[in-house]
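Read off the chains here:
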Amino acid sequence: MKFIVPAFLLILAAVPATAQSDDPPPAIPDPVAQSPSNHQDSARLTRTSSGVMPADGLWSVGLGVRTYSTVYLLDGFLVRVNQNDVFLQTEVTPWSWLNVWGELPWRSWSDGADYIPASGSGLGDGLWLVTVGSPLKKGFLHAALIGGGNIPVGDEANGLAEGVVSPRAGGVLTFRFWTDNQVPEMRIHLNAWHRWNKAEE
């Protein structure tokens, strides 16, 4: 018995090891073969727009600051007027094909001359955009139609408002490259717009 018992224990110890070695290794998901998630959180890209719609159900509210300058012809000279905006933005995508964006700025400036005061501040006209879009060509091409305009709530006395609604409309084509690659995705946005400037009519 003293020789049979050790042999029996050796067989029991070898059986689990053999069974474990026969199991196939767990499958490792391939990140290249998976469609990347949409990390874009806005259809508005500063001065252009994207045809790729943000995730539906997304609602964002933000507060931002921007600094820029505008060149005016004052007293026969080109004068650069510095401007600053503190703006409130909101954006909502209730469905996968619809996006609504809006902005309301508080505007200030300095270095004014001639008919522009040396400095000042006030509420500027707001902006709104509605985007309706859909993916085409299996996600390589995205198309969207955009409509919007200004919100005439600004200070007209300080020249910060048009005093009338000037609508705009346009279309967007967005091309997506390398969406299933390990390199960063590249997007090309083509925008075409028309704005009806009612303040000059």
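A few words on the pairing of strand β3 (residues 58–74). Sheet topology places β3 next to strand β4 (residues 77–95); 17 bridges connect them, and they run antiparallel. Within β4, the position partnered with Val-61 by the bridge is Thr-90. Taking the residues that link successive antiparallel strands as the turn, the β3-β4 hairpin has two residues, and the phi of Asp-75 there is positive, at about 55°.

A few words now on the environment of Asn-99. Position of Asn-99 relative to the elements: it lies in strand β5 (residues 98–110). When neighbours within four sequence positions are excluded, Asn-99 is seen to be in contact with Ala-43, Met-53, Pro-54, Glu-91, Val-92, Thr-93, Leu-129, Val-130 and Thr-131. A polar atom in the side chain of Asn-99 sits 2.9 Å from the side chain of Thr-93.

This part takes up the side chain of Asp-125. Along the chain, Asp-125 turns up in the loop between β6 (119–123) and β7 (126–136). For the buried residue Asp-125, which engages in no salt bridge, the nearest side chain bearing the opposite charge is Arg-195, 6.8 Å off. A distance of 2.9 Å separates a polar side-chain atom of Asp-125 from the backbone nitrogen of Gly-154. A polar atom in the side chain of Asp-125 sits 2.9 Å from the backbone nitrogen of Glu-162. Discounting residues that sit within four places of it in the chain, Asp-125 has contacts with Pro-105, Asn-150, Ile-151, Pro-152, Val-153, Gly-154, Leu-160, Ala-161, Glu-162 and Gly-163.

Next up on the list: the nonpolar core. Most often, soluble globular proteins have nonpolar side chains that are buried together. Ranked by size, the top nonpolar core spans six residues in total: Leu-74, Val-79, Val-81, Trp-109, Ile-116 and Leu-160. What Val-81 contacts, discounting residues up to four positions off in sequence, is Tyr-68, Ser-69, Thr-70, Tyr-72, Trp-109, Ser-110, Asp-111, Gly-112 and Ile-116. Judged by nonpolar contacts, the second largest core, of five residues, contains Trp-101, Leu-129, Ala-144 and Ile-146.

Before going further, it helps to examine the pattern of salt bridges. One side chain can pair with another of opposite charge once the charged atoms of both are near each other. Here the structure, examined in full by the defined rule, presents six salt bridges. Where Glu-162 meets Arg-195, a salt bridge forms, and the shortest distance between an N and an O atom there is 2.3 Å. Taken together, the positions of Glu-162 in the loop between β8 (141–151) and β9 (167–177) and Arg-195 in strand β10 (residues 186–195) put the pair 33 residues apart, joining distant regions of the chain. Since its relative accessible area comes to 33%, Arg-195 is described here as partly exposed. The closest approach of N and O atoms between Glu-185 and Arg-187, which form a salt bridge, is 2.9 Å. According to the relative accessible area criterion, Glu-185 is partly exposed, its value standing at 30%. Judged by relative accessible area, Arg-187 falls into the partly exposed class, the value being 25%.

This next bit is on the confidence of the model for the protein chain. In this model, the protein chain carries a mean pLDDT of 81, and residues with pLDDT of at least 70 account for 79%. Segment residues 1–20 is flagged for pLDDT under 50; beyond a separation of four residues in sequence, or across chains, it makes one contact in the model.

Here we take up the environment of Lys-198. In this structure, Lys-198 sits in the segment after β10. In sequence terms Lys-198 and Ser-166 are 32 residues apart; their C-alpha atoms lie 5.2 Å from each other.

Cut-off values and rules
- Residues numbered from 1 in each chain as written.
- Predicted model: local features only at pLDDT ≥ 70, side-chain atom pairs only at ≥ 80, totals over all residues.
- Heavy atoms only, no water.
- Pairing = 2+ DSSP bridges.
- Helix = DSSP H or I, 4+ residues; strand = E, 2+ residues; numbered from the N terminus.
- Contact = heavy atoms within 4.5 Å.
- Polar contact = N/O pair within 3.5 Å; in protein donor to acceptor, adjacent residues only side chain to side chain.
- Buried < 20%, exposed > 50% of the residue type's maximum accessible area, 1.4 Å probe, protein only.
- Lys, Arg positive; Asp, Glu negative; His and termini not counted.
- Salt bridge = Lys/Arg side-chain N within 4 Å of Asp/Glu carboxyl O.
- Core = buried A, V, L, I, M, F, W, Y, C linked by side-chain atoms within 4.5 Å.
- pLDDT = per-residue confidence, 0-100.

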